Amino acid sequence: GIRFQEGVSANLFGQISSKATAISETNIDMKLGQLATELAKAQSHFYRLRLLYRWALETVDYTKQLPNEFLTTLKLLQQDSSVEQLMTQIEMSQRQIERHYRKLLDMTPAQYLRLMRVNRALQSLKQSPQIALATLALQSGFSDQSHMTREFKSIAAITPFKYLKKISGDVDQQ
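These figures come from a predicted structure and were not determined experimentally.

Visitor: I'd like to hear about the overall build of the protein chain, residue by residue, with values.
Guide: Within the protein chain one finds 10 helices and two strands. Listing each helix as α and each strand as β along the protein chain from the N terminus yields β-α-β-α-α-α-α-α-α-α-α-α. Counting every position in the protein chain, which comprises 174 residues, the buried fraction comes to 33%. Sequence-distant contacts, at least 24 apart, represent 44% of the contacts inside the protein chain between residues at least 6 apart. As presented, the protein chain carries roughly 11,500 Å² of accessible surface, and 51% of it is formed by carbon and sulfur atoms.

Next up, the structure:
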């Protein structure tokens with residue numbers, strides 16, 4: 001089954017829950033039931049993630065009940081600001097920022113920043129498959145190519161080179 005972490009329930013179900021919530025414990029419309037059925041039929045984790053992502057984009061109002069400071073930190077981290085830079089630009093302590101991230105995303109700002117960097121690199125590889133990996137690493141906010149490769153393997157469970165081969169194969173088949 002699907003379980004949502006605390007904090008997610010307010011946007012999905014209109015009520016704040018202090019515990020993980022199973023779908024069967026909520027009054028959810030047919031869209032979520034359809035999602036559960038499609039997830040059960042999905043052949044790969046990649047396809048399941050795509051289904052969840054599309055469902056979330058169509059269903060969840062991400063701006064509802066989010067503190068302005070949190071939204072500001074999201075924007076700054078998407079611009080590759082460090083956590084230390086965040087504290088100088090908004091009037092919150094590092095601990096307050098971390099609490100917001102833990103509560104709303106179940107991760108630290110540093111973990112979110114890592115995800116954003118890997119995502120930025122993935123998107124760049126899709127758009128420019130001929131880019132040198134060392135150049136991509138620096139453009140995406142990594143210290144060097146080996147740092148990017150470690151992060152890729154840790155987060156995306158694939159190296160940038162293997163990902164590049166995979167998307168190049170997909171492009172060739174179309």
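After presenting the structure, the write-up continues.
Visitor: Let's hear about the packing of aromatic side chains: which residues, and what values?
Guide: Counting across every chain of the model gives one aromatic pair. Lying across the ring of F46, K166 places its NZ or CZ 5.8 Å from the centre.

Visitor: Give a detailed account of the side chain of S140, specifying residues and quantitative values.
Guide: Position of S140 relative to the elements: it lies in the loop between α8 (133-139) and α9 (145-156). S140 gets classed as buried once you look at its relative accessible area, which sits at 1%.

Visitor: So what's going on with the nonpolar core? Residues and values would help.
Guide: Membership of the largest hydrophobic core comes to 15 residues, with the highest contact counts inside it found for A121, L125, L136, F142, M148, F152 and Y163. Looking at this core, the element that brings in the most residues is helix α7 (residues 109-127), giving four residues. Excluding residues within four positions of it along the chain, L136 makes contact with A121, S124, L125, I131 and M148. Formed by 14 residues, the second largest nonpolar core is a distinct cluster that contains L76, L86, L113 and M116.

Criteria and cut-off values
- Residues numbered from 1 in each chain as written.
- Predicted model: local features only at pLDDT ≥ 70, side-chain atom pairs only at ≥ 80, totals over all residues.
- Heavy atoms only, no water.
- Helix = DSSP H or I, 4+ residues; strand = E, 2+ residues; numbered from the N terminus.
- Buried < 20%, exposed > 50% of the residue type's maximum accessible area, 1.4 Å probe, protein only.
- Contact = heavy atoms within 4.5 Å.
- Areas by Shrake-Rupley, 256 points an atom, 1.4 Å probe, with all protein chains shown as cover.
- Phe/Tyr/Trp six-rings, centres within 6.5 Å; stacked < 30°, edge-to-face > 60°.
- Lys NZ or Arg CZ within 6 Å of the ring centre and 35° of its normal.
- Core = buried A, V, L, I, M, F, W, Y, C linked by side-chain atoms within 4.5 Å.

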